[in-house]
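This is what each chain is made of:
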Amino acid sequence: MSKPVITDTIKYIGVDDKTIDLFESQYVVPNGVSYNSYVILDDKIAVMDTADARASEEWFANLQAELNGKTPDYLVVSHMEPDHAGTIGKLIAAYPDITIVGNAKTFTMLPNFFELGDVKTLVVKEKEELSLGQHTLQFFMAPMVHWPEVMVTYEKSSKILFSADGFGKFGALDTDEDWACEARRYYFNIVGKYGVQVQALLKKAAALDIEMICPLHGPILKENLGYYIGLYDTWSSYKPENKGVLVAYASIHGNTAKAAEQIAQMLRDLGEEKVAVTDLAREDIAEAIEDAFRYDRMIVAASSYDASVFPPMELFLLKLKAKGYQNRKVAIIENGSWAPSAAKKMREYLDTMKNVEILEPVISIRSTVKEETVSQLKAMAEMVKNA
Ligand code: FEO
């Protein structure tokens, strides 16, 4: 990978991880993930976060290559999650005189992860500044984006925002792929619950003159910053990004799947431009969550199971609820061979979500799609198209 260029004095020292099986033990990352980290070389030298312990050797080598024999003065900790803080202990062991810069919450969490003994600390508050010489760091608290201690740092001379997990995406830096696709999957699954807090951070950012965003994952953003900030504004305000329909199904023997595929095709035939279909039992549920938030309408179709709903659908609805799914219209299809129960359960979940309108009537299939079901599906397709 060619190293991202930040400035002559701010260097990228992060690491690509292409061997991790599941990020945070739950997200598939077919193109890996990057643990971004930076060092600012000035009269005083500041390291901006570390990296996951998985990457500590390579991260150290990157740091030492940029230090060229010098000693870092500060470690700025924007976030204590181990994918960025995992190497703090080793950094302090190597440079025991380094001062750790964090906020009050950072230092309540630090001892939970590391037994550091006597270590130099600098507690910073909202808008406080730290001069390194030519560079001045200014700190802004971003609580619950998406941990309580998160803060972002604005470097005034270069107009760079070190944005913590904000504006991050899955995928190693050498991956050539659309930013929004993997940034959206990252956002809704990891940060999504905290839209209100992201909105608060965006308000703070709007007051700054930002020329570059350096996140903790994914590419450094240098151009069209309004595009990225605009998407974050849409996502964090729980507004649909596009008109479109997600058809999410959980099918045991394939009959519910057939109904789902049929209604998806009917929607396309009616001219609906964006129709995404996902098999919740087999496909990446994080992608399903992403698409549910992306589009303004959804159809959920599931088999009945144990007098409830087939578990892959229940897990999906649980996750949607946890991530704050709201402001959408949803149609329901259930299947049941003797006592259909899926719709009742799906409705129970959807009823607990804010401003989720259930499009009536629900379709209840008995085992297989029949002629009568096809006309019901057609009617539902038209209703969803016009909703
Ligand atoms: Fe990338 Fe929340 O850590």
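The rules we used
Position labels on residues start from 1 in each chain and follow its written sequence. Side-chain atom pairs in this predicted model are given and counted only at pLDDT of 80 or more, local residue features only at pLDDT of at least 70, and totals for whole chains, interfaces and linings cover all residues. Hydrogen atoms and water are omitted, and side-chain values are computed over all heavy atoms in the structure. Secondary structure elements follow DSSP: runs of H or I no shorter than four residues count as helices, runs of E no shorter than two count as strands, and numbering proceeds from the N terminus. By definition, residues are in contact when any of their heavy atoms lie within 4.5 Å. Under this definition, polar contacts are N or O atom pairs within 3.5 Å; protein pairs additionally need one hydrogen-donor-capable and one acceptor-capable atom, and for neighbouring residues in sequence, both atoms have to be side-chain atoms. Each pair of strands is called paired provided DSSP finds at least two bridges between the two strands. A fitted line through C-alpha atoms represents every axis, and for helices the fit uses only the stretch in contact; the resulting angles, taken between N-to-C directions, go from 0 to 180 degrees. Buried means the residue's accessible area, taken with a 1.4 Å probe over protein chains only, is under 20% of the maximum for its type, while exposed means over 50%, and partly exposed covers the values in between.

A few words on the environment of Ser304. Examined against the element boundaries, Ser304 turns out to sit in strand 18 (residues 295-305). Sequence separation of Ser304 and Ser341 is 37 residues, and the distance between their C-alpha atoms is 5.3 Å. Beyond its immediate chain neighbours, meaning those up to four positions away, Ser304 contacts Ile252, Phe310, Asn335, Gly336, Ala339, Pro340, Ser341 and Ala342. Separated by 2.8 Å, the side chain of Ser304 and the backbone nitrogen of Ser341 make a polar contact.

Turning our attention to the sheet that holds strand 14 (residues 160-162). Within the open sheet, the five strands sit side by side as 11-12-13-14-15. Their pairing is mixed. Each edge of the open sheet is held by one strand with a lone partner, namely strand 11 (129-131) and strand 15 (212-214). Looking at each pair of strands side by side, their axes are set apart by 20° on average, direction ignored. Direction of pairing for strand 14 relative to strand 15: parallel, over a ladder of three bridges. Bridge pairing in strand 15 places Phe162 opposite Cys214.

In this model, Val145 is joined to His146 through a cis peptide bond whose omega is 5°. Note that His146 resides in the loop between strand 12 (136-141) and strand 13 (151-155). Of note, the amide linkage connecting Glu360 to Pro361 takes the cis form, showing an omega dihedral of 0°. Mapped onto the secondary structure, Pro361 falls in strand 21 (residues 356-365). We note that Lys159 has phi near 60°; this positive angle belongs to a residue other than glycine.

Along the chain, the position of Asp291 falls in helix 9 (residues 285-294). Asp291 gets classed as buried once you look at its relative accessible area, which sits at 12%. Here the alpha-carbon distance between Asp291 and Val245, two residues 46 residues apart in the chain, equals 8.5 Å. Non-local contacts of Asp291, meaning those with residues more than four positions away in its chain, are made with Leu246 and Ala276.

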